[in-house]
Amino acid sequence: MEKTATAPRCRSGEWTLAEAEVLGRSVLRAPSARDPQPWRVELADGAVLLCERVDVALPQHDPHRRDLAMSCGTALANLELAVRVLGRRAEVTVLPDPAHPEVVARVEAAEPLPPTDQELQRYGAIMVRRSHHGAFTGLPVTSQQTARVVAAAVTTGVEPVRLDGMERLAKFFEHAARALQDDEAYQGELALWTIRDEAPYRHGAGLRSSAELPWAGLVRRATVLPDLLVLRERLEAETVLLFTTAGDARIDHIHAGYALERCWLEGVTLGLAGAVLTQPLRVPEVRSALCEDYRLAGFPQALLRLGRSTRVAPSSLRRGVAEGLGAKWR
(Lines give C-alpha, C1' and ligand atoms only; values in the text may rest on other atoms or scores of the structure.)
Protein backbone atom coordinates (compact mmCIF):
# COMPACT_ATOMS: atom_id res chain seq x y z
CA MET A 1 0.00 0.00 0.00
CA GLU A 2 1.36 3.42 -0.96
CA LYS A 3 1.86 5.56 2.16
CA THR A 4 1.27 9.30 2.00
CA ALA A 5 3.53 11.83 3.64
CA THR A 6 0.64 13.11 5.76
CA ALA A 7 -0.48 9.72 7.11
CA PRO A 8 -0.24 9.62 10.95
CA ARG A 9 2.40 7.19 12.11
CA CYS A 10 2.95 5.10 15.20
CA ARG A 11 6.22 5.31 17.10
CA SER A 12 7.89 2.51 15.17
CA GLY A 13 8.74 4.31 11.97
CA GLU A 14 7.30 2.91 8.78
CA TRP A 15 3.89 1.71 9.97
CA THR A 16 1.01 4.16 9.87
CA LEU A 17 -1.55 4.05 12.67
CA ALA A 18 -4.14 2.67 10.24
CA GLU A 19 -1.80 -0.13 9.19
CA ALA A 20 -0.99 -0.87 12.83
CA GLU A 21 -4.71 -1.21 13.50
CA VAL A 22 -5.08 -3.75 10.68
CA LEU A 23 -2.13 -5.79 11.95
CA GLY A 24 -3.21 -5.65 15.57
CA ARG A 25 -6.85 -6.56 15.12
CA SER A 26 -5.95 -9.47 12.84
CA VAL A 27 -3.76 -10.96 15.57
CA LEU A 28 -6.38 -10.34 18.25
CA ARG A 29 -8.92 -12.40 16.27
CA ALA A 30 -6.73 -15.51 16.14
CA PRO A 31 -8.04 -18.60 17.93
CA SER A 32 -6.25 -19.95 21.00
CA ALA A 33 -6.91 -23.16 22.92
CA ARG A 34 -8.95 -22.19 26.04
CA ASP A 35 -8.62 -18.57 24.96
CA PRO A 36 -5.51 -17.31 26.80
CA GLN A 37 -4.49 -15.27 23.69
CA PRO A 38 -0.81 -15.89 24.50
CA TRP A 39 0.81 -13.30 22.28
CA ARG A 40 1.89 -9.73 22.02
CA VAL A 41 3.02 -7.81 18.98
CA GLU A 42 5.93 -5.39 18.67
CA LEU A 43 6.47 -3.09 15.72
CA ALA A 44 9.84 -2.57 14.09
CA ASP A 45 10.77 -0.56 11.02
CA GLY A 46 9.03 -2.41 8.21
CA ALA A 47 8.54 -5.55 10.31
CA VAL A 48 6.36 -7.03 13.04
CA LEU A 49 7.56 -9.26 15.88
CA LEU A 50 5.13 -11.83 17.24
CA CYS A 51 6.04 -12.72 20.81
CA GLU A 52 4.77 -15.43 23.15
CA ARG A 53 3.33 -14.59 26.56
CA VAL A 54 4.14 -17.31 29.08
CA ASP A 55 2.37 -15.50 31.93
CA VAL A 56 -0.94 -16.90 30.67
CA ALA A 57 0.22 -20.54 30.51
CA LEU A 58 -2.15 -23.18 31.91
CA PRO A 59 0.12 -25.95 33.22
CA GLN A 60 -2.63 -28.49 33.96
CA HIS A 61 -4.28 -28.10 30.58
CA ASP A 62 -1.09 -27.68 28.58
CA PRO A 63 1.90 -29.04 30.54
CA HIS A 64 4.25 -29.12 27.54
CA ARG A 65 3.04 -25.75 26.17
CA ARG A 66 2.10 -27.27 22.84
CA ASP A 67 -1.18 -25.36 22.74
CA LEU A 68 0.60 -22.13 23.67
CA ALA A 69 2.93 -22.48 20.69
CA MET A 70 0.13 -23.57 18.35
CA SER A 71 -1.94 -20.56 19.40
CA CYS A 72 0.97 -18.32 18.43
CA GLY A 73 1.05 -20.17 15.10
CA THR A 74 -2.59 -19.27 14.44
CA ALA A 75 -1.80 -15.62 15.20
CA LEU A 76 1.13 -15.79 12.78
CA ALA A 77 -1.16 -16.96 9.97
CA ASN A 78 -3.46 -13.98 10.57
CA LEU A 79 -0.54 -11.56 10.82
CA GLU A 80 0.90 -12.75 7.52
CA LEU A 81 -2.49 -12.24 5.84
CA ALA A 82 -2.73 -8.74 7.31
CA VAL A 83 0.64 -7.78 5.81
CA ARG A 84 -0.50 -9.15 2.47
CA VAL A 85 -3.78 -7.18 2.40
CA LEU A 86 -1.72 -4.06 3.12
CA GLY A 87 -0.13 -4.70 -0.25
CA ARG A 88 3.30 -5.96 0.79
CA ARG A 89 5.05 -9.28 0.30
CA ALA A 90 5.43 -10.99 3.69
CA GLU A 91 8.76 -12.60 4.59
CA VAL A 92 8.22 -14.84 7.61
CA THR A 93 11.00 -16.17 9.84
CA VAL A 94 9.94 -18.52 12.65
CA LEU A 95 12.02 -18.41 15.85
CA PRO A 96 14.43 -15.87 14.33
CA ASP A 97 16.65 -15.28 17.40
CA PRO A 98 17.81 -18.12 19.70
CA ALA A 99 18.86 -15.49 22.26
CA HIS A 100 15.22 -14.34 22.48
CA PRO A 101 13.03 -17.47 22.51
CA GLU A 102 9.96 -15.40 23.34
CA VAL A 103 10.04 -14.04 19.75
CA VAL A 104 7.95 -16.58 17.86
CA ALA A 105 8.29 -14.99 14.44
CA ARG A 106 9.44 -11.94 12.55
CA VAL A 107 7.32 -10.83 9.61
CA GLU A 108 9.06 -8.44 7.23
CA ALA A 109 6.97 -6.25 4.97
CA ALA A 110 8.96 -6.48 1.75
CA GLU A 111 8.33 -4.88 -1.65
CA PRO A 112 4.81 -3.91 -2.76
CA LEU A 113 2.75 -6.87 -4.00
CA PRO A 114 -1.04 -6.84 -4.39
CA PRO A 115 -2.88 -9.56 -2.45
CA THR A 116 -4.54 -12.38 -4.36
CA ASP A 117 -8.30 -12.89 -4.36
CA GLN A 118 -7.80 -15.97 -2.18
CA GLU A 119 -5.80 -13.98 0.37
CA LEU A 120 -8.48 -11.29 0.48
CA GLN A 121 -11.16 -13.92 1.06
CA ARG A 122 -9.20 -15.57 3.86
CA TYR A 123 -8.50 -12.22 5.46
CA GLY A 124 -12.22 -11.46 5.38
CA ALA A 125 -12.82 -14.80 7.12
CA ILE A 126 -10.69 -13.74 10.12
CA MET A 127 -13.38 -11.49 11.56
CA VAL A 128 -16.28 -13.91 11.05
CA ARG A 129 -14.56 -17.13 12.17
CA ARG A 130 -16.17 -18.61 15.29
CA SER A 131 -15.71 -21.83 17.28
CA HIS A 132 -18.77 -24.03 16.85
CA HIS A 133 -18.84 -26.42 19.81
CA GLY A 134 -22.26 -27.94 19.23
CA ALA A 135 -23.43 -30.66 16.88
CA PHE A 136 -23.48 -29.93 13.15
CA THR A 137 -26.53 -30.26 10.90
CA GLY A 138 -25.37 -33.50 9.32
CA LEU A 139 -25.14 -32.11 5.79
CA PRO A 140 -21.86 -33.48 4.44
CA VAL A 141 -18.71 -31.55 3.65
CA THR A 142 -17.94 -32.46 0.05
CA SER A 143 -14.71 -34.11 -1.00
CA GLN A 144 -13.89 -31.04 -3.10
CA GLN A 145 -14.32 -28.76 -0.09
CA THR A 146 -12.19 -31.03 2.07
CA ALA A 147 -9.48 -31.04 -0.58
CA ARG A 148 -9.46 -27.22 -0.67
CA VAL A 149 -9.22 -27.02 3.11
CA VAL A 150 -6.36 -29.53 3.24
CA ALA A 151 -4.51 -27.75 0.42
CA ALA A 152 -4.36 -24.59 2.55
CA ALA A 153 -1.82 -26.25 4.87
CA VAL A 154 1.19 -25.09 2.88
CA THR A 155 3.78 -25.23 5.63
CA THR A 156 6.78 -27.46 6.17
CA GLY A 157 6.19 -30.67 8.10
CA VAL A 158 2.42 -30.36 8.72
CA GLU A 159 -0.07 -32.84 7.29
CA PRO A 160 -3.83 -32.68 7.85
CA VAL A 161 -5.20 -36.25 7.87
CA ARG A 162 -8.91 -36.90 7.43
CA LEU A 163 -9.97 -39.48 10.02
CA ASP A 164 -12.40 -42.30 9.43
CA GLY A 165 -13.47 -45.11 11.75
CA MET A 166 -15.60 -42.90 13.99
CA GLU A 167 -16.45 -45.70 16.42
CA ARG A 168 -12.84 -46.00 17.59
CA LEU A 169 -12.40 -42.22 17.57
CA ALA A 170 -15.48 -41.95 19.79
CA LYS A 171 -13.90 -44.40 22.24
CA PHE A 172 -10.73 -42.32 22.39
CA PHE A 173 -12.73 -39.14 23.01
CA GLU A 174 -14.80 -40.77 25.72
CA HIS A 175 -11.70 -42.07 27.51
CA ALA A 176 -10.05 -38.63 27.36
CA ALA A 177 -13.16 -36.86 28.61
CA ARG A 178 -13.57 -39.20 31.61
CA ALA A 179 -9.87 -38.97 32.48
CA LEU A 180 -9.98 -35.16 32.45
CA GLN A 181 -13.28 -35.02 34.30
CA ASP A 182 -11.70 -37.01 37.15
CA ASP A 183 -8.48 -34.93 37.21
CA GLU A 184 -8.78 -32.68 40.28
CA ALA A 185 -5.87 -30.39 39.33
CA TYR A 186 -7.22 -29.98 35.80
CA GLN A 187 -10.71 -29.17 37.05
CA GLY A 188 -9.36 -26.69 39.59
CA GLU A 189 -7.45 -24.81 36.92
CA LEU A 190 -10.50 -24.86 34.63
CA ALA A 191 -12.61 -23.33 37.40
CA LEU A 192 -10.09 -20.54 37.95
CA TRP A 193 -9.95 -19.79 34.21
CA THR A 194 -13.75 -19.54 33.92
CA ILE A 195 -15.41 -16.12 33.94
CA ARG A 196 -18.41 -16.27 36.28
CA ASP A 197 -19.88 -12.79 35.96
CA GLU A 198 -19.77 -12.05 32.24
CA ALA A 199 -21.81 -8.84 32.23
CA PRO A 200 -18.97 -6.36 33.04
CA TYR A 201 -16.54 -7.91 30.55
CA ARG A 202 -16.11 -6.10 27.26
CA HIS A 203 -12.52 -7.29 26.78
CA GLY A 204 -10.45 -9.99 28.37
CA ALA A 205 -9.35 -13.60 28.30
CA GLY A 206 -10.84 -16.72 29.80
CA LEU A 207 -13.71 -19.10 29.22
CA ARG A 208 -17.28 -17.89 29.48
CA SER A 209 -19.26 -19.85 32.05
CA SER A 210 -22.15 -19.89 29.60
CA ALA A 211 -20.04 -21.08 26.68
CA GLU A 212 -20.83 -24.35 24.96
CA LEU A 213 -17.91 -26.64 25.61
CA PRO A 214 -16.87 -29.52 23.34
CA TRP A 215 -18.66 -32.74 24.12
CA ALA A 216 -15.25 -34.40 24.33
CA GLY A 217 -12.03 -32.91 25.64
CA LEU A 218 -12.68 -29.72 27.59
CA VAL A 219 -15.21 -30.94 30.13
CA ARG A 220 -16.29 -29.76 33.56
CA ARG A 221 -17.16 -31.97 36.50
CA ALA A 222 -20.87 -31.49 35.80
CA THR A 223 -20.66 -32.01 32.04
CA VAL A 224 -22.96 -34.82 30.94
CA LEU A 225 -21.02 -36.94 28.46
CA PRO A 226 -22.93 -38.55 25.59
CA ASP A 227 -22.87 -42.32 25.30
CA LEU A 228 -20.70 -43.92 22.66
CA LEU A 229 -23.53 -44.34 20.15
CA VAL A 230 -24.49 -40.66 20.30
CA LEU A 231 -20.85 -39.60 20.16
CA ARG A 232 -20.21 -41.79 17.13
CA GLU A 233 -23.28 -40.40 15.36
CA ARG A 234 -22.12 -36.85 15.98
CA LEU A 235 -18.68 -37.62 14.61
CA GLU A 236 -20.15 -39.29 11.53
CA ALA A 237 -22.05 -36.07 10.80
CA GLU A 238 -18.86 -34.05 10.46
CA THR A 239 -15.41 -34.08 8.89
CA VAL A 240 -12.51 -34.46 11.33
CA LEU A 241 -8.99 -33.47 10.31
CA LEU A 242 -6.02 -34.45 12.47
CA PHE A 243 -2.96 -32.21 12.08
CA THR A 244 0.31 -34.10 12.39
CA THR A 245 3.91 -32.93 12.32
CA ALA A 246 7.14 -34.72 11.52
CA GLY A 247 8.69 -33.58 14.82
CA ASP A 248 7.36 -32.68 18.24
CA ALA A 249 9.46 -29.61 19.07
CA ARG A 250 8.24 -26.07 19.65
CA ILE A 251 8.79 -25.05 16.04
CA ASP A 252 6.60 -27.99 14.95
CA HIS A 253 3.81 -26.81 17.25
CA ILE A 254 4.03 -23.28 15.80
CA HIS A 255 3.84 -24.68 12.27
CA ALA A 256 0.86 -26.83 13.25
CA GLY A 257 -1.07 -23.79 14.50
CA TYR A 258 -0.15 -21.82 11.39
CA ALA A 259 -1.41 -24.61 9.11
CA LEU A 260 -4.54 -25.16 11.19
CA GLU A 261 -5.61 -21.50 10.98
CA ARG A 262 -5.02 -21.37 7.23
CA CYS A 263 -7.21 -24.46 6.81
CA TRP A 264 -9.90 -23.12 9.14
CA LEU A 265 -10.06 -19.78 7.31
CA GLU A 266 -10.35 -21.59 3.98
CA GLY A 267 -13.23 -23.58 5.45
CA VAL A 268 -14.97 -20.35 6.48
CA THR A 269 -14.68 -19.01 2.92
CA LEU A 270 -16.51 -22.18 1.83
CA GLY A 271 -19.35 -21.59 4.28
CA LEU A 272 -18.23 -24.23 6.77
CA ALA A 273 -18.32 -24.04 10.56
CA GLY A 274 -15.49 -25.43 12.63
CA ALA A 275 -13.93 -25.97 16.03
CA VAL A 276 -10.57 -27.19 17.30
CA LEU A 277 -10.02 -29.95 19.84
CA THR A 278 -6.65 -30.42 21.51
CA GLN A 279 -7.51 -31.78 24.96
CA PRO A 280 -7.99 -35.44 23.95
CA LEU A 281 -4.42 -35.34 22.59
CA ARG A 282 -3.10 -34.14 25.95
CA VAL A 283 -4.01 -37.51 27.50
CA PRO A 284 -0.84 -39.53 26.76
CA GLU A 285 -2.52 -42.90 26.21
CA VAL A 286 -5.02 -41.36 23.77
CA ARG A 287 -2.27 -39.67 21.78
CA SER A 288 -0.34 -42.94 21.57
CA ALA A 289 -3.42 -44.95 20.61
CA LEU A 290 -4.27 -42.53 17.81
CA CYS A 291 -0.77 -42.97 16.38
CA GLU A 292 -1.05 -46.75 16.50
CA ASP A 293 -4.65 -47.22 15.35
CA TYR A 294 -4.45 -44.74 12.48
CA ARG A 295 -0.82 -45.62 11.68
CA LEU A 296 0.20 -42.00 11.72
CA ALA A 297 3.58 -41.10 10.28
CA GLY A 298 3.89 -38.00 12.50
CA PHE A 299 2.94 -36.57 15.87
CA PRO A 300 -0.74 -35.62 16.38
CA GLN A 301 -1.12 -31.99 17.46
CA ALA A 302 -4.74 -30.86 16.99
CA LEU A 303 -8.11 -31.89 15.61
CA LEU A 304 -10.25 -29.63 13.42
CA ARG A 305 -13.97 -30.44 13.26
CA LEU A 306 -15.72 -29.17 10.14
CA GLY A 307 -19.39 -29.23 9.25
CA ARG A 308 -22.42 -27.11 8.56
CA SER A 309 -24.45 -25.08 11.00
CA THR A 310 -27.65 -23.04 10.76
CA ARG A 311 -26.65 -20.65 13.55
CA VAL A 312 -23.79 -18.27 14.25
CA ALA A 313 -21.74 -19.19 17.31
CA PRO A 314 -21.09 -16.41 19.85
CA SER A 315 -17.74 -14.68 19.72
CA SER A 316 -15.25 -15.36 22.50
CA LEU A 317 -13.87 -12.55 24.64
CA ARG A 318 -10.87 -10.68 23.25
CA ARG A 319 -8.24 -8.54 24.92
CA GLY A 320 -8.25 -4.83 24.19
CA VAL A 321 -5.79 -3.53 21.62
CA ALA A 322 -3.77 -1.66 24.25
CA GLU A 323 -3.32 -4.77 26.40
CA GLY A 324 -2.50 -7.14 23.58
CA LEU A 325 -0.28 -4.87 21.56
CA GLY A 326 1.37 -2.47 23.97
CA ALA A 327 2.13 1.21 24.18
CA LYS A 328 3.68 1.54 20.73
CA TRP A 329 0.23 1.11 19.18
CA ARG A 330 -1.32 4.03 21.02
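Scope of this entry: the structure provided in the associated data block. A quick note: this is a predicted structure, and the numbers were derived from the prediction, not measured.

Rules behind the numbers
- Residues numbered from 1 in each chain as written.
- Predicted model: local features only at pLDDT ≥ 70, side-chain atom pairs only at ≥ 80, totals over all residues.
- Heavy atoms only, no water.
- Helix = DSSP H or I, 4+ residues; strand = E, 2+ residues; numbered from the N terminus.
- Buried < 20%, exposed > 50% of the residue type's maximum accessible area, 1.4 Å probe, protein only.
- Contact = heavy atoms within 4.5 Å.
- Areas by Shrake-Rupley, 256 points an atom, 1.4 Å probe, with all protein chains shown as cover.
- Pairing = 2+ DSSP bridges.
- Axes fitted to C-alpha atoms, helices over the stretch in contact; angles between N-to-C directions.
- Parallel < 35°, antiparallel > 145°, perpendicular 65-115°, else oblique.
- Core = buried A, V, L, I, M, F, W, Y, C linked by side-chain atoms within 4.5 Å.
- 1 Å grid on protein atoms, 1.4 Å probe; cavity = no way out; pocket = protein on both sides within 12 Å on 5 of 7 lines; lining within 4 Å.
- Points joined across faces, edges and corners; volume = space filled by probe spheres on them.
- Nonpolar A, V, L, I, M, F, W, Y, C, P; charged D, E, K, R; others polar.

Moving on, we get to the overall build of the chain. From N to C terminus, the chain includes ten helices and ten strands. Split into buried and exposed, the 330 residues of the chain put 55% on the buried side. Sequence separation of 24 or more characterises 77% of the internal contacts of the chain that already satisfy a separation of 6 or more. Split by element, the accessible area of the chain, about 14,400 Å² in all, is 54% carbon and sulfur.

Once that is clear, we can look at the sheet that holds strand S4 (residues 103-112). Ordered by their spatial adjacency, four strands build an open sheet running S1-S2-S4-S3, and the pairing between neighbours is antiparallel. Because the sheet does not close on itself, it has two edges, and the strands there are strand S1 (39-44) and strand S3 (88-94). Taken pair by pair, the neighbouring strands of this sheet meet at an average axis angle of 20 degrees, ignoring direction. Pairing between strand S2 (residues 47-52) and S4: five bridges, direction antiparallel. Bridge assignment links Leu 50 to a residue of S4, and that residue is Ala 105.

Moving on: the sheet that holds strand S10 (residues 299-307). Here four strands make up an open sheet; going across it, the order is S5-S8-S10-S9 and the pairing antiparallel. Here the strands that pair on one side only, and so sit at the sheet edges, are strand S5 (158-162) and strand S9 (273-277). Strand-to-strand twist of the sheet, defined as the mean angle between neighbouring strand axes without regard to direction, takes the value 25 degrees. Contacts from helix H4 (residues 143-151) reach S5, strand S8 (239-245) and S10 within the one sheet, and its direction differs from that of S8 by about 25 degrees.

What follows is about the packing of helix H5 (residues 166-181) against helix H9 (residues 284-293). Angle between the axes and distance between the axes are the two parameters that describe a pair of packed helices. Where H5 contacts H9, the axes come no closer than 10 Å and their chain directions differ by 170 degrees. For the element pair H5 / H9, the angle class is roughly antiparallel. Contacts from Arg 168, Leu 169, Phe 172, His 175 and Ala 176 in H5 reach Glu 285, Val 286, Ala 289, Leu 290 and Asp 293 in H9.

Below, the discussion takes up the nonpolar core. In terms of nonpolar packing, the biggest core is built from 28 residues, with Leu 23 and Leu 50 touching the most fellow members. Elements supplying a minimum of two residues to this core: helix H1 (17-28), S1, S2, helix H2 (66-85), S3, S4 and helix H8 (250-269). Of the residues forming this core, the biggest block, eight residues, is contributed by H2. One finds Leu 163, Leu 225, Val 283 and Val 286 within the second-largest nonpolar core, a separate group that totals 26 residues.

This part covers empty space enclosed by the protein. Across all of its chains, the model carries two cavities of 30 Å³ or more by this definition. Lining the largest cavity, in full, are Ala 33, Arg 34, Pro 36, Val 56, Ala 57, Leu 58, Asp 62, Asp 67, Leu 68 and Ser 71. Residues belonging to the lining of the largest cavity are distributed by class as follows: six nonpolar, one polar and three charged.

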